[in-house]
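# Structural overview for review
Given next are the chains, with one letter for each unit.
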Amino acid sequence: PVQSFSLRSHGAAVSAMDSNTSSGATFISADSDGWVIWWNISIKRPILKWKAHQSKIISVKLLGHERVITQSRDSSVKIWQLGHSSDPTMDPIIEVPINSLNFCNVEFHEPILFTPATIDSNNFDMYKLQVSKDGYEISRVIANYNVHELYSRQSPVIDIPSDPELARSGFGIIMRMVFIEEESNLFLGFESGHVIGVHIDFQESVENVKSNERTVINKDPKLKLIYSDSSHSPNPIITLVHLNNRIISGSTNKKLVIHDYISSRQQVKKLSNAGIESICPHGDGIIVGFWNGVIEGVRLDSDDHIFEFKRSLPQINLTESNSTSVNETSQEKRNAIRLSCIQSISIPSTKSTNLSYKDMVRARRSGLGRPLILAGYEDGTIVAF
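Remember, it's a predicted structure, so these values are computed and weren't measured experimentally.

The antiparallel open sheet is built from four strands, whose spatial order is E6-E7-E8-E9. Edge positions in the open sheet fall to strand E6 (57–63) and strand E9 (94–97), since each of these has one partner strand only. Taken pair by pair, the neighbouring strands of this sheet meet at an average axis angle of 15°, ignoring direction. Two strands pair when backbone bridges link them, and E6 and strand E7 (residues 67–72) are joined in this way by six bridges, in the antiparallel orientation. Among the inter-strand pairings, Leu62 is bridged to a residue of E7, identified as Val68.

Right, dumping it as structure tokens:
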């Protein structure tokens with residue numbers, strides 16, 4: 001990868017990004033001051049920028065091409081209708097109060113929303129959002145579900161080793177969550193370093209006919225433990241993604257774990273850097289971003305090293321008063337800017353976009369039409385490689 005261009009419109013650290021195949025040459029980014037930007041990469045300009053929250057945005061997700069969901073440390077989740085106006089006072093179409101005491105993301109696959117539990121950050125809640133004549137109706141389907149209790153019951157489906165310490169203390173708070181809609185599987189990464197998978201059986205409604213009256217009874221979902229692993233323990237789970245029937249997890253150390261949850265097998269890879277901040281799928285492999293700003297390409301099915309690179313920064317000679325020399329480690333730290341999130345995106349060819357000839361030439365010079373790695377940094381810059 002080579003550094004291609006930079007996007008500079010955030011005034012605070014970039015905290016989250018998302019793109020999808022239906023969004024074309026666009027993506028969404030958010031920052032620690034609560035601002036969200038919808039970008040057009042072809043012309044390297046914001047389509048829309050608005051103040052979505054009063055605090056740091058933890059996660060952002062595009063829902064098709066018209067809506068976006070944001071989650072913030074101000075203890076709220078909001079869904080927005082995207083438009084092409086520059087009105088910064090747009091209002092959310094729905095807002096849900098949630099627990100944001102920890103930095104766990106939320107998972108939304110319409111109409112289901114998973115969040116850390118309001119009562120206890122070690123547990124989770126599940127909501128159902130339905131369209132009504134007045135907008136949206138919200139109902140809590142599962143409240144304060146304790147995954148550790150399910151784990152402790154030793155499901156006969158899988159062999160889970162007993163751990164006396166866990167029996168007393170549990171897994172700690174939920175750090176990350178991933179929901180696989182096609183399989184109805186929810187995976188949770190915990191403070192203890194455990195990755196736990198549960199299958200959620202959304203039972204169909206039952207119709208009772210009494211005295212020519214039809215009553216619909218909604219049964220509660222049933223949860224079953226399907227996977228458990230403690231390879232990261234005692235380090236907390238920092239990032240969790242899904243790729244091709246596997247869950248991939250990263251932590252504060254150099255260890256990357258690939259969880260084949262169907263066969264209950266794990267593959268551990270030792271990376272060259274510690275502090276895995278972000279993971280994004282890219283083809284059959286993944287791209288890993290570290291706290292120190294290094295970005296690494298990793299193949300999942302071999303030990304081949306694809307690439308490792310870092311954002312180039314201007315080198316400034318530092319001087320310190322009352323000091324005869326500058327420590328090299330100190331110099332390196334000052335020149336490094338912490339990476340906060342990464343996103344892989346494939347931009348359509350410029351031939352398929354409605355650009356002027358001038359903008360089309362600019363886009364081609366920037367390498368559009370080829371896969372891009374977008375990296376967000378704590379200085380508010382987004383760099384495209």
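The structure having been displayed, the exposition proceeds.
Turning to its location among the elements, Leu150 is positioned in helix H1 (residues 147–152). Through-space distance from the C-alpha of Leu150 to that of Lys224 is 7.8 Å; in sequence the pair is 74 residues apart. Residues within four places of Leu150 in sequence aside, it is in contact with Tyr145, Val198, Leu223, Lys224 and Leu225.

A word on the UniProt feature "repeat: WD" (unreviewed entry) in the protein chain. Under the present numbering, the feature "repeat: WD" (unreviewed entry) in UniProt falls on residues 50–82. Counting secondary structure, residues 50–82 comes out at 0% helix and 64% strand; the distance between its end C-alpha atoms is 11 Å.

The full count for this structure, using the stated rule, is eleven aromatic pairs. Residues Phe27 and Trp39 carry aromatic rings whose centres are separated by 6.2 Å and whose planes lie at 10° to one another, so their mutual orientation is stacked. One end of the pair, Phe27, is in strand E3 (residues 26–31); the other, Trp39, is in strand E4 (residues 35–40), with twelve residues separating them in the sequence. Side by side, Phe27 and Trp39 carry an identical accessibility label, which is buried. Ring geometry for Phe171 against Phe190: centres 4.9 Å apart, planes inclined by 40°, an arrangement best described as tilted. With Phe171 in the loop between helix H2 (164–169) and strand E14 (174–180) and Phe190 in strand E15 (residues 185–190), this pair connects stretches of sequence that are 19 residues apart. For the pair Phe171 and Phe190, one class covers both residues: buried. Of the aromatic side chains, those joined through ring pairs into one cluster are Phe114, Phe124, Tyr145 and Phe179. Taking NZ or CZ as reference, Lys44 lies 4.9 Å from the ring centre of Phe5, over its face.

Take Phe27: its relative accessible area is 0%, and that puts it in the buried class. Distance in space between the C-alpha atoms of Phe27 and Lys61 is 9.6 Å, their sequence separation being 34 residues. What Phe27 contacts, discounting residues up to four positions off in sequence, is Leu7, Met17, Asp18, Ser19, Ile37, Trp38, Trp39, Ile41, Leu62, Ile345, Leu374 and Ile382.

The subject of this paragraph is the nonpolar core. Of all hydrophobic cores here, the largest spans 22 residues; its most connected members are Phe114, Phe124 and Leu186. When contributions to this core are tallied by element, the ones reaching two or more residues are strand E11 (112–116), strand E12 (124–132), strand E13 (135–145), H1, E14, E15, strand E16 (195–201) and strand E19 (222–229). Setting aside anything within four residues of it in sequence, one finds Leu186 in contact with Phe114, Phe124, Met177, Val178, Phe179, Ile196, Gly197, Val198 and Ile200. If you look at the next biggest cluster of nonpolar residues, it comprises 16 residues, including Trp38, Leu48, Trp50 and Val60.

Pairing is antiparallel in the open sheet, where four strands are placed in the order E14-E15-E16-E19. The open sheet has two free edges, formed respectively by E14 and E19, since each of these has just one partner strand. Ignoring strand direction, the axes of neighbouring strands in this sheet form an average angle of 20°. The pairing of E16 with E19 spans seven bridges and is antiparallel. Each residue of the ladder has a partner; that of Ile196, found in E19, is Ser228.

A separate point is unusual backbone geometry. Between Glu110 and the following residue, Pro111, the backbone shows a cis peptide bond with an omega angle of 10°. Tracing the sequence through the fold places Pro111 in the loop between strand E10 (107–109) and E11. For the bond running from Ser233 to Pro234, omega is 10°, close enough to zero to count as cis. Here Pro234 lies in the loop between E19 and strand E20 (237–243). Unusually for a residue other than glycine, Lys44 sits at a positive phi of about 55°. As for its position among the elements, Lys44 is in the loop between E4 and strand E5 (45–51). Taking the relative accessible area as the measure of exposure, Lys44 reaches 19% and is therefore buried. Despite not being glycine, Asn245 shows a phi value in the positive range, around 65°. Asn245 gets classed as partly exposed once you look at its relative accessible area, which sits at 37%.

Quick look at the side chain of Ser29 now. Position of Ser29 among the secondary structure elements: in strand E3. A distance of 2.8 Å separates polar atoms of two side chains, one belonging to Ser29 and the other to Trp39.

Here is what the cut-offs are and how they apply
Residues numbered from 1 in each chain as written. Predicted model: local features only at pLDDT ≥ 70, side-chain atom pairs only at ≥ 80, totals over all residues. Heavy atoms only, no water. Pairing = 2+ DSSP bridges. Helix = DSSP H or I, 4+ residues; strand = E, 2+ residues; numbered from the N terminus. Axes fitted to C-alpha atoms, helices over the stretch in contact; angles between N-to-C directions. Contact = heavy atoms within 4.5 Å. UniProt positions renumbered as here; feature names shortened; annotations may be inferred. Phe/Tyr/Trp six-rings, centres within 6.5 Å; stacked < 30°, edge-to-face > 60°. Buried < 20%, exposed > 50% of the residue type's maximum accessible area, 1.4 Å probe, protein only. Lys NZ or Arg CZ within 6 Å of the ring centre and 35° of its normal. Core = buried A, V, L, I, M, F, W, Y, C linked by side-chain atoms within 4.5 Å. Polar contact = N/O pair within 3.5 Å; in protein donor to acceptor, adjacent residues only side chain to side chain.

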